[in-house]
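Residues per chain are reported as follows:
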Number of protein chains: 2
Amino acid sequence: MKSSIDILPDGSITTPKGFKTGAIYAGIKKKSKNNLDLTILYSDTPCVAAGIFTTNKFRAAPVYISEHNLGFPDNRAIVVNSGCANAGTGEAGMADAIEMVKTTAETLNMQPKDVLIASTGVIGHRLPMDKIKESIRLIGLSQRNGHDFARAIMTTDTRSKEIAVRVNIEGFQFYIAGAAKGAGMIHPNMATLLGFITTDASVSKDFLQFALKEAADISFNMITVDGDTSTNDSLFMLANGQAENPTFAGDTEYSLVFQQALNIVCQSLAKSVARDGEGAKRLIEIQVEGAASLEDARLIARAVAGSPLVKTAVHGADPNWGRILAAAGRSGADFDIERVDLYLGESRVLQKGQRTGADEKELSSWLKQVEVIIKLNLNLGEGKSTAWGCDLSAEYVKINADYTT
Amino acid sequence: MKSSIDILPDGSITTPKGFKTGAIYAGIKKKSKNNLDLTILYSDTPCVAAGIFTTNKFRAAPVYISEHNLGFPDNRAIVVNSGCANAGTGEAGMADAIEMVKTTAETLNMQPKDVLIASTGVIGHRLPMDKIKESIRLIGLSQRNGHDFARAIMTTDTRSKEIAVRVNIEGFQFYIAGAAKGAGMIHPNMATLLGFITTDASVSKDFLQFALKEAADISFNMITVDGDTSTNDSLFMLANGQAENPTFAGDTEYSLVFQQALNIVCQSLAKSVARDGEGAKRLIEIQVEGAASLEDARLIARAVAGSPLVKTAVHGADPNWGRILAAAGRSGADFDIERVDLYLGESRVLQKGQRTGADEKELSSWLKQVEVIIKLNLNLGEGKSTAWGCDLSAEYVKINADYTT
């Protein structure tokens, strides 16, 4: 079987056939980055849809509404606002989310059940519903507005995050694209993460949900910790089938290529989110090998990527590898210091737990790179995993010490 | 039964009868805070001893040696250095720790098994054994040196932490005293926490271990997370029996008073450690009530106290209560937003999940206090717990970005 996956230079959420977006400044944010805070993603034919939501027991109203509507066989649009999370707003907030979905459905001439919804921003404030309803009716949808969607969902993000890939498999072709927002410290106590994936491939609903979970587990879930989620975290995927491929249902080699392309899209977005952590200068990639199990590898990779002491050491270009080992040791995974090989980039710092005498000044200047790769081999088994994080800067504190006021 | 517990104004680790200390600058630290980095705590009669150690799977050499020596019926001295953790140093580091214990034992004319040991500082460096052995022999022990012990164990601490209490129970009297060091972010990825408790009470070895664990669970373990520990964390207690009380063995009302006094000592030290977190300006106390269980209350209290977003909000005097609820919601404990009452100090901010309309400007100026008390009532059950943390400042990042180099 011949297949290829190409990343498209100027791709956006509307690169797959049949998707349109539009965005507007509704006045939800006092000052709006990009002058956009409300957006709609729309497919001109019905979509099979999938979703993954926060595991936080304090969940925002839009999460409940989206989860409910995903129970229907198809959906067609997603309405998203930034600036207000509609969380901690009680029954009134639920009514607001429903109203937002209804207004979107009326405007687009569809049923409320066709519309999914996401919100991100400050907790505990009501949505300005008059402004939102008026603005929804004013949004103009077009295939050309793709980049606006990625911009409208930003909160403290400094850059919009989007990607599109084209996939060719033996004579047919489809696209997968996505946009995400993150910022915050991401791990361990993240700001809201929102992700939206579109594809014109034809995919069965069950396999779409399965494939999205698979992709999230090696991407978005490796920049956060399961259970360590915000009130609003949501990842959506819409598949409208306009590529007219034989439907992917997980039982063919074609489905594997689809999964592979989806993984690329999700990992690219997740890395963009990690790289753009509040105040961050460096992307940190933690590669764990030789762990006793896959679960152990994931525990260690996330513990190291999320350690404030590792993050500050990388920020200061301080090759303090003791902090890496201390984080691995407290992760809960099997760990034997006498077996550990540790690499900072290409330099082996520890071999079987013994210092190699790598030059600390060289390591320090290497740590000043924009992407820092730390590799740990536990030499205990076959478990492998990769996690991403960012350095922790004084800037992070400044951003978070003054968010609502 | 009549009893009283009094905190002594100028108490130190040598306030209980029969304890002596001495400290010296051995040159382990390049620049020494207080010009002290090596100290010995000594009892002039044998002690029953107890210890609680890090749950990190990467443990420093001194932890192994102390745990081993605590297996003997009694001990008499503890040797402690700051500036070097003797962690990640392999078999050579084990030999160094043993040598340090042997030198101390020879100097004090006792057996190596009588001596416990603790180290704190940078991971991955060998101890300068020549300097240490020479300095151990030069340390002069005296009851008057009590405060020097608390000073010599400091690393990035800005203040020494010590307390002593006098306990009277129906005609007899004893003392409990302690010293600790902490700093670091404490939770969630702490710098090394060392605690040392002395008493001249007579206590059975089993009950001493039990009582120390009880006290740690409502003090030191509520400023850290079980499993989220450094390589060297250690809490020691020595009881030399010189007060000649009827031995406390956990089966009398007297034992309860002993436990109560020990709790006061440990909570005071733990709060001092939290208050002195690196770069911290404010102590944050999280009081949880009405949780579904004790374990749930502990989970919530620690999740909120350790949340970087809560810590930065307090630092910025930003009454962003949504972050408090989001941290509680992700703690893993039962949580129903519709039942939560939340107080910032005396102000009720939420009643049964609904905003009370408390004035945000007043809340913000209240948050500028040195001690910030946040109270959450889950209204789900009887679980109660308190945790302590500190605000997260830009200063924290500066301290940790440049610790080894």
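Residues numbered from 1 in each chain as written. Chains lettered and ligands numbered in written order. Predicted model: local features only at pLDDT ≥ 70, side-chain atom pairs only at ≥ 80, totals over all residues. Heavy atoms only, no water.

- In the annotation of UniProt, chain A is listed under the name Arginine biosynthesis bifunctional protein ArgJ and assigned to Dehalococcoides mccartyi.
- Of chain A, the UniProt comment under Function reads exactly: "Catalyzes two activities which are involved in the cyclic version of arginine biosynthesis: the synthesis of N-acetylglutamate from glutamate and acetyl-CoA as the acetyl donor, and of ornithine by transacetylation between N(2)-acetylornithine and glutamate." (UniProt positions renumbered as here; feature names shortened; annotations may be inferred.)

### Describing the UniProt feature "binding site: substrate" in chain A
All names here are of chain A.
Working step 1: UniProt's feature table lists "binding site: substrate" at Thr155, Lys181, Thr192, Glu278, Asn400 and Thr405, given in the numbering used throughout.
Working step 2: Locating Lys181 in the fold gives a position in strand 7 (residues 172-181).
Working step 3: Lys181 sits in the buried class, given a relative accessible area of 1%.
Working step 4: Not counting chain neighbours up to four residues away, the residues in contact with Lys181 comprise Thr120, Ile153, Met154, Thr155, Asp157, Lys161, Thr192, Leu193, Leu194 and Val273.
Working step 5: At 3.1 Å, the side chain of Lys181 forms a polar contact with the side chain of Thr120.
Working step 6: Tracing the chain through its elements places Glu278 in the loop between helix 6 (253-275) and strand 10 (283-291).
Working step 7: In this structure Glu278 comes out as buried when scored by relative accessible area, which is 6%. (Helix = DSSP H or I, 4+ residues; strand = E, 2+ residues; numbered from the N terminus. Buried < 20%, exposed > 50% of the residue type's maximum accessible area, 1.4 Å probe, protein only. Contact = heavy atoms within 4.5 Å. Polar contact = N/O pair within 3.5 Å; in protein donor to acceptor, adjacent residues only side chain to side chain.)

### Comments concerning the sheet that holds strand 10 of chain A
Residue and element names in this part refer to chain A.
Working step 1: Ordered in space as 13-12-11-14-10-15, the 6 strands form an open sheet in which the pairing is mixed. On the outer flanks of this sheet lie strand 13 (354-355) and strand 15 (383-390), each paired with one strand and no other.
Working step 2: Bridge count between strand 12 (residues 347-351) and strand 13: 2 bridges; the pairing is antiparallel. Note that in strand 13 the partner of Gln351 across the bridge is Gln354. (Pairing = 2+ DSSP bridges.)

### A few points about the domain arrangement of chain A
Working step 1: Once the domains are mapped, chain A shows domain 1 (3-273) and domain 2 (283-400).
Working step 2: The C-alpha-based centres of domain 1 of chain A and domain 2 of chain A are spaced at 32 Å. (Domains from an automatic or database assignment.)

### Here's the deal with the environment of Lys133(B)
Working step 1: Topologically, Lys133(B) is positioned in helix 3 (residues 129-138).
Working step 2: If sequence neighbours within four positions are ignored, Lys133(B) has contacts with Glu99(B) and Thr103(B).

### A word on the sheet that holds strand 12 (residues 347-351) of chain B
Where strands meet in a sheet, backbone hydrogen bonds hold them as pairs that are either parallel or antiparallel.
All names here are of chain B.
Working step 1: Spatially, the 6 strands line up as an open sheet ordered 13-12-11-14-10-15, and their pairing is mixed. One side of each edge strand has no neighbouring strand; the edge strands of this open sheet are strand 13 (354-355) and strand 15 (383-390).
Working step 2: Here 7 bridges tie strand 10 (residues 283-291) to strand 15, and the two strands are oriented antiparallel to one another. Among the inter-strand pairings, Ile286 is bridged to a residue of strand 15, identified as Ala387.

### A few points about the packing of aromatic side chains
Any aromatic ring pair is given by two values, namely how distant the centres are and how the planes are angled relative to each other.
All names here are of chain A.
Working step 1: Counted by the stated rule, this structure contains 20 aromatic pairs over all chains.
Working step 2: On the basis of an interplanar angle of 90 degrees and a centroid distance of 5.0 Å, the ring pair of Phe149 and Phe196 is categorised as edge-to-face. Taken together, the residues Phe149 in helix 4 (residues 146-152) and Phe196 in strand 8 (residues 194-199) connect sequence positions 47 residues apart. In this pair, the class of Phe149 matches that of Phe196, namely buried.
Working step 3: On the basis of an interplanar angle of 25 degrees and a centroid distance of 6.2 Å, the ring pair of Phe207 and Phe210 is categorised as stacked. On the criterion of helical spacing, the pair formed by Phe207 and Phe210 is a turn pair, its members being 3 residues apart in helix 5 (residues 205-217).
Working step 4: For Phe207, a relative accessible area of 7% corresponds to the buried category. (Phe/Tyr/Trp six-rings, centres within 6.5 Å; stacked < 30°, edge-to-face > 60°.)

### Digging into helix 7 (residues 294-306) of chain B
All names here are of chain B.
Working step 1: For helix 7, spanning 13 residues, the distance from its first C-alpha to its last is 18 Å, which sits close to the expected 18 Å at 1.5 Å a residue.
Working step 2: Counting buried residues in helix 7 gives 10 out of 13 residues, a clear majority hidden from the surface.
Working step 3: Residues Asp296, Ala297, Arg298, Ile300, Ala301, Arg302, Ala303, Val304, Ala305 and Gly306 constitute the buried set of helix 7. (Expected span 1.5 Å × (residues − 1).)

### Considerations on the pattern of salt bridges
Residue and element names in this part refer to chain A.
Working step 1: Going through the model one piece at a time under the given rule, you end up with 31 salt bridges over all chains.
Working step 2: For Arg275, the salt bridge is made with Glu371, and the minimal N-O distance between the two is 2.7 Å. Residue Arg275 is found in helix 6, and its partner Glu371 is found in strand 14 (residues 371-377); the two are separated by 96 residues along the sequence.
Working step 3: Given the relative accessible area of 35%, Glu371 is considered partly exposed. (Salt bridge = Lys/Arg side-chain N within 4 Å of Asp/Glu carboxyl O.)

### Things to note about the side chain of Thr192(B)
Residue and element names in this part refer to chain B.
Working step 1: Within the fold, Thr192 resides in the loop between strand 7 (172-181) and strand 8 (194-199).
Working step 2: Of the residues examined, Thr192 reaches a relative accessible area of 7% and is grouped as buried.
Working step 3: A distance of 2.8 Å separates a polar atom in the side chain of Thr192 from a polar atom in the side chain of Ser230.

### With respect to unusual backbone geometry
Residues and elements named next belong to chain A.
Working step 1: Even without glycine at this site, Glu170 takes up a positive phi of about 35 degrees.
Working step 2: As for its position among the elements, Glu170 is in the loop between strand 6 (161-169) and strand 7.
Working step 3: Phi at Glu244 is positive, roughly 55 degrees, even though this residue is not glycine.
Working step 4: Within the secondary structure layout, Glu244 lies in the loop between strand 9 (234-239) and helix 6.
Working step 5: Residue Glu244 is classed as exposed on the basis of its relative accessible area, which comes to 70%.

### Overview of the side chain of Ser142(B)
Residue and element names in this part refer to chain B.
Working step 1: Within the element layout of this structure, Ser142 appears in the loop between helix 3 and helix 4 (146-152).
Working step 2: When its relative accessible area of 13% is taken as the criterion, Ser142 is described as buried.
Working step 3: Here the side chain of Ser142 touches Arg144 through a polar contact of 2.9 Å, landing on its backbone nitrogen.
Working step 4: When residues no more than four places from it in sequence are discounted, the contact partners of Ser142 are Thr14, Lys20 and Thr21.

### Points about the packing of helix 1 (residues 61-69) of chain A against helix 2 (residues 90-108) of chain A
Two quantities define a packed helix pair, namely the angle between the axes and the distance from one axis to the other.
Residues and elements named next belong to chain A.
Working step 1: At their nearest, the axes of helix 1 and helix 2 sit 8 Å apart, and the two run at 50 degrees to each other. Overall, the two elements helix 1 and helix 2 adopt an arrangement that is oblique. For the element pair helix 1 and helix 2, the recorded crossing hand is right-handed. Of the residues in helix 2, those in contact with Ala61, Pro62, Tyr64, Ile65 and Asn69 of helix 1 are Gly93, Met94, Ala97, Ile98 and Val101.
Working step 2: Along the lines of polarity and charge, the residues of the contact of helix 1 with helix 2 split into 8 nonpolar, 2 polar and no charged. (Axes fitted to C-alpha atoms, helices over the stretch in contact; angles between N-to-C directions. Parallel < 35°, antiparallel > 145°, perpendicular 65-115°, else oblique. Left-handed = near helix turned anticlockwise from the far one by under 90°. Nonpolar A, V, L, I, M, F, W, Y, C, P; charged D, E, K, R; others polar.)

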